[in-house]
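Overview (structure and organization)
So the chains spell out like this:
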Amino acid sequence: MGGDGTAKAKKKQKVIRSDCGSDGDPSGDGRRADDLSSVKKKKKKKKRHRGEEGASAIDGFAKRKKKKRRGGEESANACDSLAMSSPARYFPFEYQHVLAPMVGASELAFRLLCRKYGATLAYTPMMSAKQFVKEASEADLGGHRTVANANICDFQTIPEDRPLVCHFSANDPQDFVSAAKLVEPVCDAIDLNLGCPQRTAYLGHFGSYLLGNEDRQLVVNIVKAATGAVGIPIFVKIRLLDTVEETADLCRQLREAGASLVAIHARYRASWERTGPGARDGPAHLDQVKIIKSHFPDFPIISNGNVRTWDDVVQNQKLTACDGVMSAEGLLNNPALFLPRLGDEADLEIKLPNLSSLSHGEAKTDENVSRRIRKLRKKLREIDALEKKVAQDESTWTQSS
């Protein structure tokens, strides 16, 4: 994920490793914890006066579900009482062990492989909402040709590929809403990318380059629009801002806009110059995630960063107290990273059921279909190579122990 394949693998590693931050200042000391208490007080004061439009993430999601069941409009007070329950109850799927979105990696075949070895939730690679809508309009959807198998922006999925989060970049509310409506029938949540640090994101003005104060209202409007347009949760994946207080305030604003979950990549947002707090190297600042999570006990937060082994997964969860742990490179290096979560069951042979076909009915013998078949065969070869690597690593580990 050999010569040509090796070159592609190195390129892929380069792409994913580019999503790193600087050493920075972890800023997990008591001073910042004290400072953050003022953020919490402001939040409580604002929450008492907010109306239905500013309801929290879980409030909003529970509200939509309640409206559908009763066919009428529910009050904000009723939704506030629902938010006191465990947030996990509002998601009909597990989200503790998560495959991160990775361009050129977290496509269908790799998602299925990671699910086979313990991942409970998977994200698609980042897709441009605007481009997705454009390609969908040209895809001649209908009949057996659906958004799940039409290869729109290389997106493919099957019924066994669940729960699934479709991960989009966007800088326009209507683009994001239109893309969300298209994929709503084939996924379990839709995620807004606010973490991409690449220079293409700077040029296109999306990803982590939307995290500045000048774009905050735009981000809020995107989340609000999507929350009101679809009946599944809206997630947001972010990076750390310059201070822990700023990141906490961003999480509060996203929650009030209607986000049901925030995933925090615990490295700083990027800058075009690649200097200062936006530089890419260095460990993730999980102590900041811990502080943020402590101020949002009833709001789902996923921690992302510093996960290469199962021990890292366990320590990340213990340190941050987050609701889930997300991994990118760790799973790329070892798709069975989450396998130990199965305990004694991990010793058993793990099998997937016979997988559904990507397309149904008579296959078209045009050039596009042939190209998709070649790509699928390549993915299957990649899966076979990865499974052999996992078996070899397990054999080596058994012999050493």
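Below: a short report on this structure. (Residues numbered from 1 in each chain as written. Predicted model: local features only at pLDDT ≥ 70, side-chain atom pairs only at ≥ 80, totals over all residues. Heavy atoms only, no water.)

**Concerning the side chain of Ser208**
Tracing the chain through its elements places Ser208 in the loop between helix 8 (199-204) and helix 9 (216-229). Of the residues examined, Ser208 reaches a relative accessible area of 1% and is grouped as buried. At a separation of 2.9 Å, a polar atom in the side chain of Ser208 contacts the main-chain carbonyl oxygen of Cys196. Discounting chain neighbours no more than four positions away, the residues touching Ser208 are Leu194, Gly195, Cys196, Pro197, Arg239, Arg269 and Ala270. (Helix = DSSP H or I, 4+ residues; strand = E, 2+ residues; numbered from the N terminus. Buried < 20%, exposed > 50% of the residue type's maximum accessible area, 1.4 Å probe, protein only. Polar contact = N/O pair within 3.5 Å; in protein donor to acceptor, adjacent residues only side chain to side chain. Contact = heavy atoms within 4.5 Å.)

**A word on the packing of aromatic side chains**
Per the counting criterion, the structure on display carries seven aromatic pairs. Relative to Tyr95, the ring of Phe91 has its centre 5.2 Å away and its plane inclined at 90°; by these criteria the two rings are edge-to-face. Exposure class is identical for Phe91 and Tyr95. Each is buried. Ring geometry for Phe91 and Phe235: centres 5.6 Å apart, planes at 75°, overall edge-to-face. Taken together, the residues span a long stretch of sequence, with Phe91 in the loop between helix 4 (76-82) and strand 1 (97-99) and Phe235 in strand 6 (residues 234-240) at a distance of 144 residues. Of the two residues, Phe91 and Phe235, both sit in the buried class. Through a chain of ring-to-ring contacts, three or more aromatic side chains come together here, namely Phe91, Phe93, Tyr95 and Phe235. (Phe/Tyr/Trp six-rings, centres within 6.5 Å; stacked < 30°, edge-to-face > 60°.)

**A few points about the pattern of salt bridges**
Enumeration over the complete set of coordinates arrives at ten salt bridges. Notably, a salt bridge pairs Arg252 with Asp249, separated by 2.6 Å at the nearest N-O pair. Taken together, the positions of Arg252 and Asp249, both in helix 10 (residues 244-257) and three residues apart, correspond to about one turn of that helix. Residue Arg252 is classed as buried on the basis of its relative accessible area of 7%. Using a relative accessible area of 25% as the deciding quantity, one classes Asp249 as partly exposed. When salt bridges that share partners are traced, they join Arg111, Arg115 and Asp161 into one network. (Salt bridge = Lys/Arg side-chain N within 4 Å of Asp/Glu carboxyl O.)

**Describing the packing of helix 9 against helix 10**
Contact geometry of helix 9 with helix 10 gives a least axis separation of 8 Å together with a crossing angle of 30°. The handedness of the crossing between helix 9 and helix 10 comes out as right-handed. Residues Arg216, Val219, Val220, Val223, Lys224 and Thr227 of helix 9 form the contact with helix 10, whose participating residues are Leu250, Gln253, Leu254 and Ala257. Grouping the amino acids of the contact of helix 9 with helix 10 by side-chain chemistry returns six nonpolar, two polar and two charged. (Axes fitted to C-alpha atoms, helices over the stretch in contact; angles between N-to-C directions. Left-handed = near helix turned anticlockwise from the far one by under 90°. Nonpolar A, V, L, I, M, F, W, Y, C, P; charged D, E, K, R; others polar.)

**Section: the nonpolar core**
Phe168 and Ile190 are the most contacted members of the largest nonpolar core, which has 58 residues in total. Sorting elements by how many residues they give to this core places helix 10 first, with six residues. Phe168 has contacts with Met127, Ser128, Ala129, Phe132, Phe176, Ala179, Val183, Ile190, Asp191, Leu192 and Asn193, leaving out every residue within four places of it along the chain. Membership of the second largest hydrophobic core comes to 37 residues, among which are Phe91, Phe235, Val325 and Val390. (Core = buried A, V, L, I, M, F, W, Y, C linked by side-chain atoms within 4.5 Å.)

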